[in-house]
There are 2 protein chains.
Amino acid sequence: MDILFTFKIKDEQIAQLRSDFPSIQFSFTKDIRETNIEKYEVIVTYGEDIDNAILERAKSLKWVMVASAGVDQMPLLEMADRGIVVTNVSGIHKTPMAESVLAHILSLCRGLLALYKQQERKDWNTRIRLKELRGSTALILGPGAIGSEIGRLLQAFGVKTIGCNRSGRQAEFIDEMIVFDALLERLPHADYVISVLPSTKETKGLWTEEHFKAMKETAVFMNFGRGDLVSEEIIVSALQENLIAHAVLDVFENEPLPESSLLWDLPNVTVSPHISSHSGKYIERSLEIFTYNLRKWIAGEKDMKNGIDAEKGY
Amino acid sequence: MDILFTFKIKDEQIAQLRSDFPSIQFSFTKDIRETNIEKYEVIVTYGEDIDNAILERAKSLKWVMVASAGVDQMPLLEMADRGIVVTNVSGIHKTPMAESVLAHILSLCRGLLALYKQQERKDWNTRIRLKELRGSTALILGPGAIGSEIGRLLQAFGVKTIGCNRSGRQAEFIDEMIVFDALLERLPHADYVISVLPSTKETKGLWTEEHFKAMKETAVFMNFGRGDLVSEEIIVSALQENLIAHAVLDVFENEPLPESSLLWDLPNVTVSPHISSHSGKYIERSLEIFTYNLRKWIAGEKDMKNGIDAEKGY
């Protein structure tokens with residue numbers, strides 16, 4: 001069997017794979033278009049390089065392992081038609097992403113930005129306004145693996161967690177579940193609104209001006225899911241009108257965020273360049289999931305980890 | 001009975017006290033020297049205005065309620081000789097302080113300072129080095145109410161907690177307890193060293209260059225207890241020599257930190273102006289403890305909350 005990686009891993013990781021799976025041919029490339037794509041049964045990719053043209057040439061392809069959570073850049077339906085299995089690594093993002101979300105929330109409560117700025121001026125100013133996180137309420141849009149991990153940590157800080165998804169099905173570490181239709185009604189109770197929603201046909205543009213208007217003026221909006229949840233224009237005007245206190249954005253309608261974007265300069269927004277899932281342990285953990293699934297694949301077992309439903313898009 | 005407050009509380013809080021305790025005379029001043037200090041049985045203070053001269057004049061004084069955790073600015077032994085009861089509010093600091101400590105730790109792991117700086121430059125740079133907190137080890141010096149709360153939150157993030165105090169007696173949310181003498185031996189295992197030690201004769205100057213040398217080069221030192229734990233000179237030279245990766249200091253040998261201090265400019269230190277216990281809920285919570293203790297006082301009960309042992313100093 002031939003397996004192609006379209007991103008770099010360390011030499012010792014390659015050696016480990018070859019020693020664990022001696023009968024498999026592993027190849028590595030930085031440019032998928034320059035390979036004999038026809039022969040590979042499995043492609044391991046970050047997901048951005050699989051398009052219809054590649055798919056057409058990849059005659060032997062049966063499994064695409066995406067070392068990322070988002071699979072929205074891939075022609076999922078065409079792959080489903082061909083019977084190509086898609087798996088991702090969504091579980092491995094939960095730790096770094098939840099830590100980033102908590103870092104931003106606590107930084108806002110405990111005045112870190114103000115503190116860093118006054119240190120630059122050598123200013124011993126004790127009148128920074130600090131808040132406690134304890135006792136507040138967070139509404140988590142899309143409490144899957146990542147959202148539940150955020151919920152778990154928030155609960156440890158004494159935060160009430162409300163989860164919101166399509167089905168309203170109970171999620172772990174969520175005190176109360178609601179469906180999307182109940183959102184406007186519950187938003188006035190939330191101090192933090194945190195989206196970790198994937199990009200699907202239902203979530204695109206789901207968030208509107210109405211939602212910002214329903215939020216507390218003191219509340220914080222955080223998008224750590226996908227940028228197409230809400231248009232940049234709507235976010236900018238909500239922040240300009242102070243409908244909410246602050247936004248922390250790790251994802252944007254257009255990435256990289258253009259220099260011309262008004263978001264860079266607004267005082268009540270934090271721009272994070274889609275890095276919240278980053279961690280020194282990323283590839284190591286991706287490979288753990290990959291090798292687990294590869295053993296299943298070789299054994300012909302169907303219950304692989306993190307299978308993607310092409311229809312749902314996650 | 002006459003009770004003097006030497007700090008301001010809100011009008012509605014005064015009204016509440018007077019309605020809860022109609023037989024008691026409450027007085028309020030900003031300057032303790034301008035009052036008929038002789039008549040007050042109880043003084044409620046932040047603790048910085050009680051000295052031997054005041055004590056001599058305060059003939060009726062029987063109880064000093066300090067709305068602060070540190071009582072090191074007061075003549076404790078003289079007060080003990082006079083049989084004056086001292087209570088503080090140490091428990092109420094645990095939430096805001098633990099949240100501040102976690103905010104700083106997570107900010108360092110998740111690159112918030114770098115992120116804030118590049119936002120100012122409109123720089124979409126995804127190559128910030130981010131770490132996970134999960135899996136690291138923290139050593140907490142002085143795991144009392146505050147230290148245990150820090151331990152509880154760190155454990156929720158999957159951090160191993162080592163506590164260190166004089167007795168080695170087990171503390172809550174601490175995986176392993178050690179005594180001060182075992183510190184040098186365990187320091188090489190800690191990624192975060194967090195002091196919340198009070199100022200006592202044993203803790204003054206306890207931390208030396210040897211301790212910094214025993215730490216990992218990648219480790220972070222945090223002092224949220226009292227500034228006299230370690231001299232500024234020792235901290236500065238440890239940071240200049242990169243014996244450790246970073247220090248987060250909320251307390252200093254000299255406060256306010258003089259403009260001439262080298263700490264302001266070092267790239268690997270965060271200067272916080274002794275604000276980590278601040279919270280919008282501070283006075284509200286202090287008054288809760290005060291009224292609880294006042295009822296005990298009126299009833300002649302001895303088991304008041306947060307009694308201070310003058311010998312120990314905490």
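Since the model is a prediction, treat every value here as computed from it, not as a measurement.

The subject of this paragraph is the sheet that holds strand E2 (residues 25–28) of chain B. All names here are of chain B. Read across the sheet, five strands follow the order E2-E1-E3-E4-E5 without closing on themselves; strand pairing throughout is parallel. This sheet does not close on itself; its edge strands, each paired only once, are E2 and strand E5 (85–87). Between one strand axis and the next, the sheet turns by 15° as a mean value, whatever way the strands run. On the sheet, helix H10 (residues 282–299) packs against strand E1 (2–5), E2, strand E3 (42–45), strand E4 (63–66) and E5 and is oriented at approximately 160° with respect to E4.

Each partner contributes residues to the interface: chain B has 56 residues there, and chain A has 56 residues. Summing both sides of the interface, chain B and chain A together bury roughly 5,000 Å²; the carbon and sulfur share of this comes to 61%. For Glu132(B), the salt bridge identified is with Arg285(A), shortest N-O distance 2.8 Å. Counting only elements with at least two residues in the side of chain B that touches chain A, the list comes to helix H4 (94–109), helix H5 (112–120), helix H6 (145–156) and strand E12 (269–271) of chain B. It is H4(B) that contributes the most residues to the side of chain B that touches chain A, nine residues altogether. The class makeup of the residues in the side of chain B that touches chain A is 24 nonpolar, 16 polar and 16 charged.

Moving on, we get to the side chain of Ser277(A). Looking at the element boundaries, Ser277(A) is found in the loop between strand E12 (269–271) and helix H10 (282–299). Aside from chain neighbours lying at most four places away, what touches Ser277(A) is His93(A), Pro96(A), Met97(A), Tyr282(A) and Arg110(B).

Moving on, we get to the sheet that holds strand E3 (residues 42–45) of chain A. Residues and elements named next belong to chain A. Pairing within the open sheet is parallel, and its five strands lie in the order E2-E1-E3-E4-E5. Taken across any chain shown, the strands that pair with only one partner, and hence form the sheet edges, are strand E2 (25–28) and strand E5 (85–87). Across the sheet, the mean angle separating the axes of adjacent strands is 15° when strand polarity is ignored. Relative to E5, strand E4 (residues 63–66) runs parallel, the two sharing three bridges. Paired with Met65 across the two strands is Thr87, which belongs to E5. Against the sheet, H10 contacts strand E1 (2–5), E2, E3, E4 and E5, and its axis sits at roughly 160° relative to E4.

Let us now look at the domain arrangement of chain A. According to the domain assignment, chain A contains domain 1 (2–92 + 280–299) and domain 2 (132–271). Between the C-alpha centres of domain 1 of chain A and domain 2 of chain A the distance comes to 32 Å.

This part takes up the pattern of salt bridges. Applying the stated criterion across every chain, the model contains 32 salt bridges over all chains. A salt bridge links Glu120(A) to Lys117(B); its shortest N-O distance comes to 3.9 Å. With Glu120(A) in helix H5 (residues 112–120) and Lys117(B) in helix H5, the pair connects residues from two separate chains. Residue Glu120(A) is classed as exposed on the basis of its relative accessible area, which comes to 53%. On the basis of relative accessible area, Lys117(B) is assigned to the partly exposed category, the value being 39%. The partner of Glu149(B) in a salt bridge is Arg152(B), and the shortest N-O contact between them spans 2.9 Å. With Glu149(B) and Arg152(B) both in helix H6, this residue pair falls three residues apart, about one helical turn. With relative accessibility at 8%, the residue Glu149(B) sits in the buried group.

Reading the values: rules and limits
- Residues numbered from 1 in each chain as written.
- Chains lettered and ligands numbered in written order.
- Predicted model: local features only at pLDDT ≥ 70, side-chain atom pairs only at ≥ 80, totals over all residues.
- Heavy atoms only, no water.
- Pairing = 2+ DSSP bridges.
- Helix = DSSP H or I, 4+ residues; strand = E, 2+ residues; numbered from the N terminus.
- Axes fitted to C-alpha atoms, helices over the stretch in contact; angles between N-to-C directions.
- Contact = heavy atoms within 4.5 Å.
- Buried area = accessible area lost by both parts, 1.4 Å probe.
- Salt bridge = Lys/Arg side-chain N within 4 Å of Asp/Glu carboxyl O.
- Nonpolar A, V, L, I, M, F, W, Y, C, P; charged D, E, K, R; others polar.
- Domains from an automatic or database assignment.
- Buried < 20%, exposed > 50% of the residue type's maximum accessible area, 1.4 Å probe, protein only.

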